[in-house]
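# Reading the structure
So you can see what is in the structure, the chains are spelled out below.
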Amino acid sequence: MHTRVDQVKGGGIRRFFRNSRSFVLGAGIGSGMAARAAERAGADFVLALNAGRFRAMGGSSPASILPIRNSNEFVAGFGRTEILPSTKLPVFFGACTFDPKLDIDRFLERIISWGFSGVTNFPSVIHIDDYRRSLLEKSGLGYEREIELLVKAAQHGLMAIGYTRTQPEARRMVEAGVEAICINFNLNRPIESGCDPTISLSELAARTSAVARVAQSIDRNTICLMGGGPITKPDELLDICRETGVQGFIGGSSLDRVPLEMSVLEVTSGFKTIHLLREKVDLLERQLQLSGFRHGVIAQSSIMKRVLETARRLAGHPSPVLVWGEAGSGKRRIASLVHAFSDKKLIKPALFQCRPGPAIDTVGVLFGAGQTETRRRQVSLLETATDSTILLMHVDQLSRDGQERLADYLETGSFTPLNSVALARSSARIIATATVARGGALNAVLCPRLVALFAGLDIGLPPLPDRLEDLPQLVQHFTVEAKGDSNAQTLGIENSAFLALAGHNWPGNLRELRQIVNQLVTLQQTHITADVLRPLLTASSPLKPTSAFSEREWIIEGLKRNKLHRGKTARYLGLSRKTLYNKIKGLRILE
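All figures in this text were calculated on a predicted structure; none of them were measured in a lab. (Residues numbered from 1 in each chain as written. Predicted model: local features only at pLDDT ≥ 70, side-chain atom pairs only at ≥ 80, totals over all residues. Heavy atoms only, no water.)

### Observations regarding the sheet that holds strand E7 (residues 223–227)
With parallel pairing, 8 strands are arranged side by side around a closed barrel as E1-E2-E3-E4-E5-E6-E7-E8. Between one strand and the next, the sheet's axes are offset by a mean angle of 25°, whatever the strand orientation. Set on the sheet, helix H9 (residues 167–176) makes contact with strand E4 (118–121), strand E5 (159–164) and strand E6 (180–183); between it and E5 the angle comes to about 160°. (Pairing = 2+ DSSP bridges. Helix = DSSP H or I, 4+ residues; strand = E, 2+ residues; numbered from the N terminus. Axes fitted to C-alpha atoms, helices over the stretch in contact; angles between N-to-C directions. Contact = heavy atoms within 4.5 Å.)

### A word on the packing of aromatic side chains
On inspection of all chains with the given rule, the structure shows 12 aromatic pairs. Between the aromatic rings of phenylalanine 74 and phenylalanine 78, the centroid separation amounts to 5.5 Å while the plane-to-plane angle is 80°, which identifies the pairing as edge-to-face. Of this pair, phenylalanine 74 and phenylalanine 78 both sit in helix H5 (residues 71–86), 4 residues apart, which is roughly one turn of that helix. According to the relative accessible area criterion, phenylalanine 74 is buried, its value standing at 9%. What makes phenylalanine 78 buried here is its relative accessible area of 3%. Grouping aromatic residues by their ring pairs yields a cluster made of Phe93, Phe107, Trp114 and Phe116. The ring of tyrosine 143 is capped by arginine 133, whose NZ or CZ atom sits 5.6 Å from the centre of that ring. The cationic tip of arginine 312 hangs over the ring face of phenylalanine 341; the distance from NZ or CZ to the ring centre is 5.0 Å. (Phe/Tyr/Trp six-rings, centres within 6.5 Å; stacked < 30°, edge-to-face > 60°. Buried < 20%, exposed > 50% of the residue type's maximum accessible area, 1.4 Å probe, protein only. Lys NZ or Arg CZ within 6 Å of the ring centre and 35° of its normal.)

### Side note on the pattern of salt bridges
Here the structure, examined in full by the defined rule, presents 18 salt bridges. In this structure, glutamate 148 engages lysine 152 in a salt bridge whose closest nitrogen and oxygen atoms are separated by 3.0 Å. Here glutamate 148 and its partner lysine 152 are both found in helix H8 (residues 143–155), 4 residues apart, which amounts to about one turn of the helix. The class for glutamate 148 is partly exposed, based on a relative accessible area of 32%. The partner of arginine 449 in a salt bridge is glutamate 411, with the nearest N and O atoms 2.8 Å apart. Linking arginine 449 in helix H18 (residues 448–454) with glutamate 411 in helix H17 (residues 400–412), this pair joins segments that are 38 residues apart in sequence. Classification of arginine 449 as partly exposed rests on a relative accessible area of 27%. The class of glutamate 411 is partly exposed, set by a relative accessible area of 48%. By sharing partners, the salt bridges in this structure join Glu404, Asp408, Glu411 and Arg449 into a single network. (Salt bridge = Lys/Arg side-chain N within 4 Å of Asp/Glu carboxyl O.)

### Some remarks on the side chain of serine 124
Relative to the helices and strands, serine 124 is located in the loop between E4 and helix H7 (130–138). Setting aside chain neighbours within four positions, we find serine 124 in contact with Ile65, Phe98, Tyr143 and Glu146.

### Re the packing of helix H3 (residues 32–41) against H5
For the pair H3 and H5, interaxial distance at closest approach is 8 Å and the crossing angle is 20°. The angle between H3 and H5 falls in the class roughly parallel. By crossing handedness, the relation of H3 to H5 is classed as right-handed. Along its contact with H3, which presents Gly32, Ala35, Arg36 and Glu39, the element H5 presents Glu82, Ile83 and Ser86. Across the contact of H3 with H5, the residue classes tally to 2 nonpolar, 2 polar and 3 charged. (Parallel < 35°, antiparallel > 145°, perpendicular 65-115°, else oblique. Left-handed = near helix turned anticlockwise from the far one by under 90°. Nonpolar A, V, L, I, M, F, W, Y, C, P; charged D, E, K, R; others polar.)

### Brief notes about the nonpolar core
Counting residues in hydrophobic clusters, the biggest one holds 81 residues, and the most contacted among them are Phe45, Phe93, Ile111, Val119 and Ile161. With near-sequence residues (within four places) excluded, phenylalanine 93 lies in contact with Ala48, Asn72, Val75, Ala76, Phe107, Ile111, Trp114, Phe116, Gly118, Val119 and Thr120. The next biggest cluster of nonpolar side chains, apart from the first, holds 33 residues, and it includes Leu398, Leu418, Ala424 and Ala432. (Core = buried A, V, L, I, M, F, W, Y, C linked by side-chain atoms within 4.5 Å.)

Here's what the structure looks like:
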């Protein structure tokens, strides 16, 4: 029980401070949890104070000077059972001298036997109003008795810190031989009161400097600390320390009550509102997943909304899925989306690019290969990804033998590696993509067995000309990608430019549109006109003639897509309602 005392004996508090950092921090607390937190946060010592215990019980620091409990028994109770077992830091006992029956010498011996390293005069008469303090002083229970406690504590080998408020008090403390003082002017206000402190920070700095100067004029080695007061934030303490030159800080409410109340307030408020936010979050999640925005898929057009609905439906089953469409139509993104909607979404999928080449480098990687005289057994991707998903890109480029082997696996769950007759099994899910030319069919690129196996489990992606409703959002999406800024301002594309975009054949689909947007972003022009856009469109597909819409055909197409709803058509075309009405009337579209 004497380890803490033994560590600081032989030199008193001055030696302790010399061995500490240039600026020391003490924590006036009242619980083991606060002691552990203070030590982990880097405090140099702790003080077991009745005020800290009252704060932990939901009371306030001023309760420490009221005759609510036998203060010394109170502090000894929680100090011995909670604080001392919870920290290896030196622990100071907050001792009260108001009891006329207190035998100071005997009490100090008990403090040493309990394992405390030091003593401080808390609660002190400096925190009592002048009238009641005068009564204690007349009874011999005032400040002189507190000084006697601290002087005798040093004589018993304990460290001592004396709480003081005024210059005369500091003088009496230092002249009596107390080597460390804590300059403390008032107790913290409750955080919820909202009232101003009884002493401003500027006044605190001036008064602290004055008290410290008096103390160090008597003994220049006196250790001057600052205690509590209106300081509740580190930056406030920094400003005061610069002006006063104090060597440390003892925090009470500023270290336990204020942070705790703020933390409990914030965390409790968060938990309290979570049930309200949960419904909104769930709704937004459903909307995001349905729209595909969360996974970088733009789906404002009805045809793309059906694609996403199909992807979500197929994701809920372990069956294989085929995503097919033209080059650049976004097949890989949709294949990844199917996995993201599935119950295996938390496991990263394996990616395999099917390319023409030697069987050992293509089919062998996917299905593995048996051991030969010159090669060791090659483990298959199907085996390594047995519990996950394989995104099989461009399955149409897999050799005919590879496609037949894949059909065997999809039918039976087993496969035969190259150069082997032994069957291997896997539970890896296959999500494949295939590139089919515009107007073509799957029969042209896949073997009949695969076509039959993927029937009803496939997602056909539309070419860009069939989803022109998505153009504005796609342009914005690719603008954000190109600028690398989620808050990037969309390109200002004039109506003539949108006509050119809508009339383009888009042989490269989304890939081609992304390239066009990347070029437009580099131009750094605020408004994009058809004259700016047409050279880029021509360069992107020189062999593909473009069929430009007339303005009349453009508006008719918009009305058709929006079922003659003029408000939706205006938004779709990027026009105001008035402009759309004028154009319909001027072009005699509905006559």
